[in-house]
Amino acid sequence: MILELERVRNVWPEVKDLLSVPHSDKQYKKLLKALDKLIDEIGNNENHPLAPLMETVGNLIEEYEKSNFETISGSPVEILKYLMEENGFTQKDMVELGSQGVVSEILNGKRELNIRQIKALGKKFKVSPAVFI
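Since the structure is predicted, the reported quantities are computational estimates derived from the model, not experimental observations.

What counts and how
- Residues numbered from 1 in each chain as written.
- Predicted model: local features only at pLDDT ≥ 70, side-chain atom pairs only at ≥ 80, totals over all residues.
- Heavy atoms only, no water.
- Phe/Tyr/Trp six-rings, centres within 6.5 Å; stacked < 30°, edge-to-face > 60°.
- Helix = DSSP H or I, 4+ residues; strand = E, 2+ residues; numbered from the N terminus.
- Buried < 20%, exposed > 50% of the residue type's maximum accessible area, 1.4 Å probe, protein only.
- Lys NZ or Arg CZ within 6 Å of the ring centre and 35° of its normal.
- Axes fitted to C-alpha atoms, helices over the stretch in contact; angles between N-to-C directions.
- Parallel < 35°, antiparallel > 145°, perpendicular 65-115°, else oblique.
- Left-handed = near helix turned anticlockwise from the far one by under 90°.
- Contact = heavy atoms within 4.5 Å.
- Nonpolar A, V, L, I, M, F, W, Y, C, P; charged D, E, K, R; others polar.

How two aromatic rings sit relative to each other is given by the distance of their centres and the angle of their planes. This structure, assessed with the given rule, holds 2 aromatic pairs. Here tyrosine 28 and tyrosine 64 contribute two aromatic rings whose centre-to-centre distance is 4.7 Å and whose plane-to-plane angle is 25°, an arrangement assigned as stacked. With a gap of 36 residues between them, tyrosine 28 in helix α2 (residues 25-42) and tyrosine 64 in helix α3 (residues 51-68) connect regions that are remote in the sequence. The pair formed by tyrosine 28 and tyrosine 64 is uniform in burial state, with each residue classed as buried. Plain terms: the ring middles of phenylalanine 89 and phenylalanine 125 are 5.7 Å apart, the flat faces sit at 50° to each other, and that makes the pair tilted. With phenylalanine 89 in the loop between α4 (76-86) and α5 (100-107) and phenylalanine 125 in helix α6 (residues 115-125), the pair connects residues that are 36 residues apart, well separated along the chain. In this structure, lysine 124 is placed above the aromatic ring of phenylalanine 89, and the distance from its NZ or CZ to the ring centre is 4.6 Å.

With that settled, the discussion passes to the packing of α2 against α3. Taken N-terminus to C-terminus, the directions of α2 and α3 make an angle of 150°; their axes are 9 Å apart at the nearest point. By the angle between their directions, the pair α2 and α3 is classed as roughly antiparallel. In this structure, α2 crosses over α3, and the sense of that crossing is left-handed. Residues Asp25, Tyr28, Leu31, Leu32, Leu35, Leu38, Ile39 and Ile42 of α2 form the contact with α3, whose own contacting residues are Ala51, Leu53, Met54, Val57, Gly58, Leu60, Ile61, Tyr64 and Glu65. Taken together, the residues that form the contact of α2 with α3 break down as 14 nonpolar, 1 polar and 2 charged.

Here's what the structure looks like:
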C-alpha cells in the first residue's frame, strides 16, 4: 500500500483535476468535457481499460450536481420524459434520437439510449450526459 501511495503522489499533480470532486463551475465543466471524451472513446465497452475512469469521473460529476443542481432521479427514460415535459417537447421535437419509431420505442422502454443519443440529449437539455446513463 505504501508503494501504491508513493506512485499516486508522483502522478497526482497531473491527474488531480480529473480525479477530484469539482468545487467550482469551471472545474465541473472541465470534468464534463473529460466525460464526453471518455464516452466517445469507450462507448458501451465495459471491458475498456478506461471504463473505471469513466465511472469515476461520472461519480465526481454526480457529487457536484447533487450539491449544486436540482436533482432528477429515475431511469434514463423517466428523466427524458420529465425533461421533455418541462421543456414542452413532444416526440416530434426529439429528432436527435432518430425517427418517430425510434423515439417511440425509447419512450416505451423497448429500446435503450445509445452513446450518440445520450450526448445529444445532454446538449439539447443542457445537462450532464451522465443523467441518461
